Amino acid sequence: MTLTLYTVGHGNRQIGELIALLKEAGVDTLVDVRAQPRSRHNPQFNDDALRLACEHAGIVYHWAGKQLGGMRDPRPESPHRALPEGLRGFADHMDTDAFQKGAAQLRNLADRGTCAILCAERDPAHCHRSLIADYLTLQGARVIHLIAPGEMREHALSPAVRRESAALVYDRQVNGELGL
């Protein structure tokens, strides 16, 4: 049986909208992959408020921002030339033991129930969770992005990614050629 995980971005939704999306997909565990589980503009998604809303909805909340959070500085020698700086730093982090451990824990949670990862950006294409989705997809998982009520999108690998041994490298141009 193929492991299935969901992703969702809170954006500027109301907390009830997010919970409804999760319930519609049958999610029982929400893994927050924000580096800082706080929002100045959307305080309803601060970790304490989100944890409480999830608890009331029967959803387990986990914060995994230490291992799986974005907002990381890229290495000067980063091979991920096809990514913007913010995502490049996270792609570099994906080569670390901390990321590998966090991804393994995420898979274990998903083995036990219906799991979704959460970040702030509504559009997965502009969020580091798309890189997590690439990693999980290449490990044989099915990843589905929750977009809006009744709207889900199966993850498609980034055209910039290729596998090099066990690592992912984002150095392809949009046309599939290696970057120069």
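Residues numbered from 1 in each chain as written. Predicted model: local features only at pLDDT ≥ 70, side-chain atom pairs only at ≥ 80, totals over all residues. Heavy atoms only, no water.

- As annotated in an unreviewed UniProt entry, the protein chain carries the name DNA repair protein and comes from Sulfuricaulis limicola.

Things to note about unusual backbone geometry
- The residue Met-71 is not glycine, and still its phi comes out positive at about 55°.
- Its place among the elements puts Met-71 in the loop between helix 3 (65-68) and helix 4 (85-93). (Helix = DSSP H or I, 4+ residues; strand = E, 2+ residues; numbered from the N terminus.)

A closer look at the packing of aromatic side chains
- Inspection of the entire model under this criterion finds 2 aromatic pairs.
- With centroids separated by 5.8 Å and ring planes inclined at 85°, the aromatic side chains of Phe-90 and Phe-99 adopt a geometry described as edge-to-face.
- Centre to centre, the rings of Phe-99 and Tyr-135 are 5.0 Å apart; their planes meet at 85°, and the pair counts as edge-to-face. Here the residue Phe-99 occupies a position in helix 5 (residues 97-112), and Tyr-135 occupies one in helix 6 (residues 129-138), the gap between them amounting to 36 residues. (Phe/Tyr/Trp six-rings, centres within 6.5 Å; stacked < 30°, edge-to-face > 60°.)

Looking at helix 1 (residues 15-24)
- Those residues of helix 1 that sit buried are Leu-18, Ile-19, Leu-21 and Leu-22. The arc enclosing the buried residues of helix 1, seen along the axis, measures out at 155°, which places them on a common side.
- Gly-26 occupies a position one or two residues after helix 1 and carries a positive phi of about 75°. (Buried < 20%, exposed > 50% of the residue type's maximum accessible area, 1.4 Å probe, protein only. Arc of directions from axis to C-beta.)

Some words on the sheet that holds strand 5 (residues 142-148)
- If you walk across this open sheet you meet the 6 strands as 3-2-4-1-5-6, and the pairing is mixed. On the outer flanks of this sheet lie strand 3 (60-63) and strand 6 (151-154), each paired with one strand and no other. Within this sheet the neighbouring strands show an average axis-to-axis angle of 25°, counted without direction.
- Contacts between helix 2 (residues 47-57) and the sheet are confined to strand 2 (29-32), strand 3 and strand 4 (115-119), with strand 3 contributing the most and set at about 155° to the helix. (Pairing = 2+ DSSP bridges. Axes fitted to C-alpha atoms, helices over the stretch in contact; angles between N-to-C directions. Contact = heavy atoms within 4.5 Å.)

What about the side chain of Asn-42?
- Its location among the elements puts Asn-42 in the loop between strand 2 and helix 2.
- Of note is the side chain of Asn-42, whose polar atom sits 3.4 Å from the backbone oxygen of Gly-11.
- Discounting chain neighbours no more than four positions away, the residues touching Asn-42 are His-10, Gly-11 and Asn-12. (Polar contact = N/O pair within 3.5 Å; in protein donor to acceptor, adjacent residues only side chain to side chain.)

A word on the nonpolar core
- Formed by 31 residues in total, the largest nonpolar core has its most connected members in Val-31, Phe-99, Leu-106, Leu-131, Ile-132, Leu-136 and Tyr-170.
- Residues in contact with Leu-136, not counting those within four places in the same chain, are Leu-5, Leu-106, Arg-107, Ala-141 and Val-143.
- Counting 20 residues, the second largest nonpolar core, distinct from the first, contains Ile-19, Ala-53, Tyr-61 and Leu-118. (Core = buried A, V, L, I, M, F, W, Y, C linked by side-chain atoms within 4.5 Å.)

Comments concerning the pairing of strand 8 (residues 167-170)
- Bridging between strand 7 (residues 161-164) and strand 8 involves 4 bridges; their strand directions are antiparallel. Along strand 8, the bridge assignment pairs Arg-162 with Val-169.
- In textbook terms, the turn of a hairpin is the stretch between consecutive antiparallel strands, and for strand 7 and strand 8 this stretch comprises 2 residues, one of which, Ser-165, has a positive phi near 60°.

Comments concerning the packing of helix 1 against helix 2
- The contact between helix 1 and helix 2 brings their axes to 11 Å, and the two run at 45°. Taken together, the axes of helix 1 and helix 2 lie oblique to each other. As helix 1 runs across helix 2, the sense of the crossing is right-handed. Contacts between helix 1 and helix 2 involve Ile-15, Leu-18, Ile-19 and Lys-23 from the first element and Leu-50, Ala-53, Cys-54 and Ala-57 from the second.
- Here the residues of the contact of helix 1 with helix 2 are counted per class, giving 7 nonpolar, no polar and 1 charged. (Parallel < 35°, antiparallel > 145°, perpendicular 65-115°, else oblique. Left-handed = near helix turned anticlockwise from the far one by under 90°. Nonpolar A, V, L, I, M, F, W, Y, C, P; charged D, E, K, R; others polar.)

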